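Structural overview
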Amino acid sequence: IFRESEKNNPVTTNSAVKTKEEVPVSDSRDNVKSQTSSEFMENVTKVKKSNNHKFVKTLYNTLLDNDIDEKYINQLLFDMEKVLKNGNNVNFLISNVYQKMILKMGQPSTISAARKGPKVVFFIGSTGVGKTTTIAKIASEYKMEKKKEVALVTIDTYRLKATDQLGEYASIMKIPMSVIYEPGELTEKVEKLSSYDYIMVDTSGFSHKNNEMRENVVELINSLDEKFEKEVCLLLSATTKYRDLKEIIDSYKEFTDFNMIFTKLDETVNLGNIYNCKIYSGNNLSYVTNGQNVPDDID
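Residues numbered from 1 in each chain as written. Predicted model: local features only at pLDDT ≥ 70, side-chain atom pairs only at ≥ 80, totals over all residues. Heavy atoms only, no water.

What to know about helix H5 (residues 90-105)
The end-to-end C-alpha distance of H5 is 23 Å, a good match for the 22 Å that 16 residues give at a rise of 1.5 Å each. Every buried residue belonging to H5 is among Leu-93, Asn-96, Val-97 and Met-101, and all of these are buried. All buried residues of H5 fall inside an arc of 125° around its axis, so they share one side. Opposite its buried face, H5 presents the exposed residues Asn-91, Tyr-98 and Leu-103, each directed more than 90 degrees away. (Helix = DSSP H or I, 4+ residues; strand = E, 2+ residues; numbered from the N terminus. Expected span 1.5 Å × (residues − 1). Buried < 20%, exposed > 50% of the residue type's maximum accessible area, 1.4 Å probe, protein only. Arc of directions from axis to C-beta.)

Focus on helix H9 (residues 211-223)
For H9, which comprises 13 residues, the first-to-last C-alpha distance of 18 Å matches the rise-based estimate of 18 Å (1.5 Å per residue) to within 8%. When H9 is considered as a whole, its buried residues turn out to be Met-213, Arg-214, Val-217, Val-218, Leu-220 and Ile-221. Burial along H9 is one-sided: seen end-on, the buried residues are contained in an arc of 160°. Those residues of H9 that are buried are in contact with strand E1 (119-125), helix H8 (186-192), strand E4 (198-202), strand E5 (229-237) and helix H10 (242-253). (Contact = heavy atoms within 4.5 Å.)

Thoughts on the packing of aromatic side chains
A full pass over the atoms with the stated rule returns three aromatic pairs. Seen from their ring centres, Tyr-242 and Tyr-280 are 6.4 Å apart, and the 85° between their planes marks the pair as edge-to-face. In this pair, Tyr-242 sits in helix H10 while Tyr-280 sits in helix H11 (residues 272-281), placing the two residues 38 residues apart along the sequence. In this structure Tyr-280 comes out as buried when scored by relative accessible area, which is 9%. Here the guanidinium or amino end of Lys-146 rests over the ring plane of Tyr-142, the centre of that ring lying 4.2 Å away. Sitting over the ring of Phe-258, Lys-253 keeps its end group 6.0 Å from the ring centre. (Phe/Tyr/Trp six-rings, centres within 6.5 Å; stacked < 30°, edge-to-face > 60°. Lys NZ or Arg CZ within 6 Å of the ring centre and 35° of its normal.)

Section: the confidence of the model for the chain
Taken residue by residue, the chain gives an average pLDDT of 82. The fraction at 70 or more is 80%. Across the chain, the secondary-structure element scoring lowest on mean pLDDT is helix H1 (residues 37-48), at 56, and the one scoring highest is strand E6 (residues 259-263), at 97. Confidence drops under pLDDT 50 across residues 1-33; counting only partners more than four residues distant or on other chains, this segment forms 56 contacts. (pLDDT = per-residue confidence, 0-100.)

This is the structure in structure tokens:
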């Protein structure tokens, strides 16, 4: 709506205005209220008649340039209808946008301690997303800064030298590392490490379209005896296209709940997909990584 080529000459497109039949009644992923085209246009008209049309247009294009999905931009604008209509100054409007986005992003959900015994944390995700390096960073934080007892377990025996890489990190941090070859071995291994506060499990990376490998990860997570508390972290690359990210999220949502860790922030200039995935999935954000340095480059 706000991407018209000429000022005061708005252009509507089929993707921007949908009929009532085309808009889904509800979407458990998006949490965006459906609107008829008349309701949509009524909201747009109110915004365009405000004294802040230039600000709205700039905001819209800025968010779009940073890869925020258009439906979420429109949602923000609708949420801002009252403050836009009241003719507030630009600083107030920017603060309002920031506040609304922060509230939607929520507080980061870092790895919590178990009520009793060790917390078993699974790190899952696609090949090359940075699981092993991220595990080393988080393990270092809990070991060195939080003074917790941490152990590492890997079942990533598919990728060449994957165990060697994790082993080197473990050796430097003086953290025990174990290798298992079958999901059925996990509970026994955790039993032996039950005196530790955290047991972090590195899994094999694979395409979310590889059903066989996905079933292996499902089996691994479900194989852990229920007496042990577990947590799952899904790693996603900030460089991945939003459409692919949605497919990955949907694929894992079928069998487990998870917190999201975004990696490779240093390899892209547009970070809108972090916001998109939070709104789309409803899952909590946990960490972001922005480089290969261990134990640094994580927040």
